[in-house]
Amino acid sequence: MAVVLGAYLITRPTTSLDVLAIAVGVGFVLQGVIVLDSEDEGPPPRRWESRARVAVAVLWVSAGVFVLLFLGLTVRLLAEVIAIALVANGILQLIGAFRRSLALDARIAAIAFGAASFGFGILAGFWPDITLLIAAVAFGAQLIISGIAEGRHALHGAPPERTSTARPLHRFARTTAAVVSLALVGAAGVVSIGLRGATPVVDEFYAAPRDVPDEPGQLIRSEPFSRDVPSNATAWRILYTTTRGDGSPAVASGIVVAPTEGIGYRPVIGWAHGTTGFAQPCAPSLLERPFASGTLFVLTRVIEAGWALVATDYIGLGTAGPHPYLIGRDSAHAILDALRASRQLTPGLIGGESVIWGHSQGGGAALWAGALAEDYAPLVSVEGVAALAPASELNRLITQLSRVRGGSVIESFALASFAANYHDVTWREYVRHGAEPIVRAISERCLAEPGVLISGLEGLALRRDPAVFKKNPLAGPFGARIMENIPPATVSAPLLVAQGEADELIPPRVQQAFIERIREAGQDVDYRTYPGRDHITLVYQTSPLMDELFAWTAERFAGVEGVAD
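Thresholds applied
- Residues numbered from 1 in each chain as written.
- Predicted model: local features only at pLDDT ≥ 70, side-chain atom pairs only at ≥ 80, totals over all residues.
- Heavy atoms only, no water.
- Disulfide = S-S within 2.5 Å.
- Helix = DSSP H or I, 4+ residues; strand = E, 2+ residues; numbered from the N terminus.
- Buried < 20%, exposed > 50% of the residue type's maximum accessible area, 1.4 Å probe, protein only.
- 1 Å grid on protein atoms, 1.4 Å probe; cavity = no way out; pocket = protein on both sides within 12 Å on 5 of 7 lines; lining within 4 Å.
- Points joined across faces, edges and corners; volume = space filled by probe spheres on them.
- Pairing = 2+ DSSP bridges.
- Axes fitted to C-alpha atoms, helices over the stretch in contact; angles between N-to-C directions.
- Parallel < 35°, antiparallel > 145°, perpendicular 65-115°, else oblique.
- Left-handed = near helix turned anticlockwise from the far one by under 90°.
- Contact = heavy atoms within 4.5 Å.
- Nonpolar A, V, L, I, M, F, W, Y, C, P; charged D, E, K, R; others polar.
- Phe/Tyr/Trp six-rings, centres within 6.5 Å; stacked < 30°, edge-to-face > 60°.
- Lys NZ or Arg CZ within 6 Å of the ring centre and 35° of its normal.

On to the state of the cysteines, then. Counted by the stated rule, this structure contains 1 disulfide. Disulfide pairing places C282 opposite C446 at an S-S distance of 2.0 Å. Sign of the S-S torsion, about -90° for the bond between C282 and C446, identifies this disulfide as left-handed. Placement of the pair is C282 in the loop between β4 (266-272) and α8 (299-304) and C446 in the loop between α14 (436-443) and α15 (452-462), with a sequence separation of 164 residues. For C446, a relative accessible area of 1% corresponds to the buried category.

Quick look at the structure:
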């Protein structure tokens, strides 16, 4: 039974964590029962001793009940307990290494093992999600080893005692293992420093001043920006005012790029970037490749066309959060207010005519911006909206992510966003206990930073586990909030929707359902599909979509009537 259970759990680490947490809770309860039922030899215990035993038993049972009621908290604390235990064990081994009775090889082994244990404890504190995965796999492995040992014992009896002739070899192997362990912790430390050192740092530019204007769409500050900007363009990063969907004030950041050649107002592409992450450092304006990270691969061509680019970071990326990932109104306001704020940058530079482009997350945001523009920002002239593989039918999208490679990363961003932005959506209600700490950790990493490799490995580890969700995400408050954020069929400007037929993240059937819904509601839409193109290759420079998108956009700026007219 131990071998079978271990083999099952070792390939399903978050399930293993669930079982481990339950085992801890049941073990505490059993320990309480044992303490209460135990009898000491000798004279009968005094009254205070009996009461003390009852109190200890009650504490054990209470702790077990608490663990079973709050399994998610138990799993999260498990990583901290492991880290503390490793550090404490390392310190004790280092102290013991200086006993006079130890031989030289034993002393070297004790120092190396102690230092390795201490180092792994520090790393466990920095990477709790990895610690939990290792603990989960170790739990399954230990069950297999214990089962095999018990089986051998039952079949062949107790193993023979080791002879003294094996001791020198055993001592050499122990010392070697200790040194190798120390080398491994050193290598892991170097990798850890490299991964964490590559995380973008939010600087003072993104901090909102005390005297923030009350009106949305006001430029707060700007400064020159040069990273990945074409040589024939000038760029700035900007900080501006906006509002959340509930009307509360907020601050967002972005990038403005304009051609250096020519005079007069430039038509504007309002760019809504694809997914870069949920955490504050994931703003494109902070990343090493600010445009490509958000899936804009044609900036040079935009500048050559004589157009300017206004690219919002959205609320909560760069600026104070939480980031409204897949939340429509908040994202739309950030797009429209960036267009308004950019006009205040340099007089006579940024024109009033704009076409909004968006991909993936940004595609859904672009649809929302097109629907809200007339009411929210009537002075922003939106001549067209191009939604490229947009996150449209969120209810259909969220339920199929568990079947998609890398879908757990998107799930983590969505869960983190809705839990942070809506008080009625909680992690505890929707996420399995064993998966919660790992999914939370994934949500804190940016797609463009090296640490996302850890998220990818964790995603692979979750593939054979049950779904991240422990209940249908479309049920209850989460489902209601998802439905609230499906883009409406009220885009007043000409609308282009493009979809790759090989897209696995947002499958064509999901997009087709959106197109049918908005057409039934009376929305005109130019819907184009592209064979062989997946979610990212759809927006590559070499994609056939690009020539069509630029031609379609040029027609909008020229005043040619579109489908929506």
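Alright, that's what it looks like, and here's the rest.
For the coordinates displayed, the defined rule picks out 7 cavities of 30 Å³ or more. Volume-wise, the largest cavity comes out at about 80 Å³. Forming the boundary of the largest cavity are L326, I327, G328, S331, Q361, G364, A365, W368, A391, L394, N485 and P487. Elements with a minimum of two residues in the lining of the largest cavity: α9 (328-342) and α10 (361-376). When residues in the lining of the largest cavity are grouped by element, the largest group, 4 residues, is from α10. The calculated volume of the second largest cavity comes to roughly 70 Å³.

Comment: phi is negative for the bulk of residues other than glycine, and the bulk of peptide bonds are trans. In this structure, the amide linkage connecting G321 to the following residue, P322, adopts the cis form with an omega of 10°. By the element assignment, P322 lies in the loop between β5 (308-315) and α9. Look at D228: it is not a glycine, yet its phi comes out positive at around 65°. Mapping D228 onto the fold places it in the loop between β1 (219-225) and β2 (233-243). For D228, a relative accessible area of 44% translates into the label partly exposed. One non-glycine residue with positive phi stands out, namely T295, at about 70°. Here T295 lies in the loop between β4 and α8.

Another point: the pairing of strand β8 (residues 495-500). In the case of a regular strand, side chains alternate between the two sheet surfaces. Among the 6 residues in β8, 6 count as buried, and that is most of the element. Here β8 shows no split at all, with L495, V497 and Q499 on one side and L496, A498 and G500 on the other all buried. Across 4 bridges, strand β7 (residues 381-388) lies against β8 in parallel orientation. The partner of A386 across the bridge, within β8, is L496.

One can describe the packing of α9 onto α10 by two numbers: an axis separation of 8 Å at closest approach and a directional angle of 65°. In terms of axis orientation, α9 runs roughly perpendicular to α10. Judged by the sense of rotation from one axis to the other, the crossing of α9 with α10 is right-handed. On the side of α9, the interface is formed by G328, R329, S331, A332, H333, I335, L336, D337 and R340, while α10 contributes A365, A366, W368, A369, L372, A373 and Y376. A class-by-class count of the residues in the contact of α9 with α10 yields 10 nonpolar, 3 polar and 3 charged.

Here the distance between the centres and the angle between the planes together describe a pair of aromatic rings. Scanning all chains against the criterion turns up 11 aromatic pairs. Relative to Y540, the ring of F297 lies with its centre 5.4 Å away and its plane at 85°, an arrangement referred to as edge-to-face. Linking F297 in the loop between β4 and α8 with Y540 in the loop between β9 (526-530) and α18 (544-557), this pair joins segments that are 243 residues apart in sequence. F297 sits in the partly exposed class, given a relative accessible area of 21%. Judged by centre distance (5.4 Å) and plane angle (75°), the rings of W357 and F550 are edge-to-face. In this pair, W357 sits in strand β6 (residues 350-359) while F550 sits in helix α18, placing the two residues 193 residues apart along the sequence. Of the two residues examined, W357 and F550, each falls in the buried class. Among the aromatic residues, those joined into a cluster by ring pairs are F418, Y422, Y430, F469 and F478. Over the ring of F205 we find R237, and its NZ or CZ is 4.3 Å from the ring centre. Lying across the ring of W552, R556 places its NZ or CZ 4.9 Å from the centre.

Spatial strand order, β1-β2-β3-β5-β4-β6-β7-β8-β9: 9 strands in an open sheet with mixed pairing. Each of the sheet's edge strands pairs with one partner strand only, and the pair in question is β1 and β9. Pairwise comparison of adjacent strand axes, ignoring direction, gives a mean angle of 20° for this sheet. Here β8 pairs with β9 via 5 bridges, running parallel. Bridge pairing in β9 places V497 opposite Y527. Set on the sheet, helix α17 (residues 508-520) makes contact with β8 and β9; between it and β8 the angle comes to about 160°. Docked against the sheet, α18 engages β4, β6, β7, β8 and β9, running at close to 150° with respect to β6.

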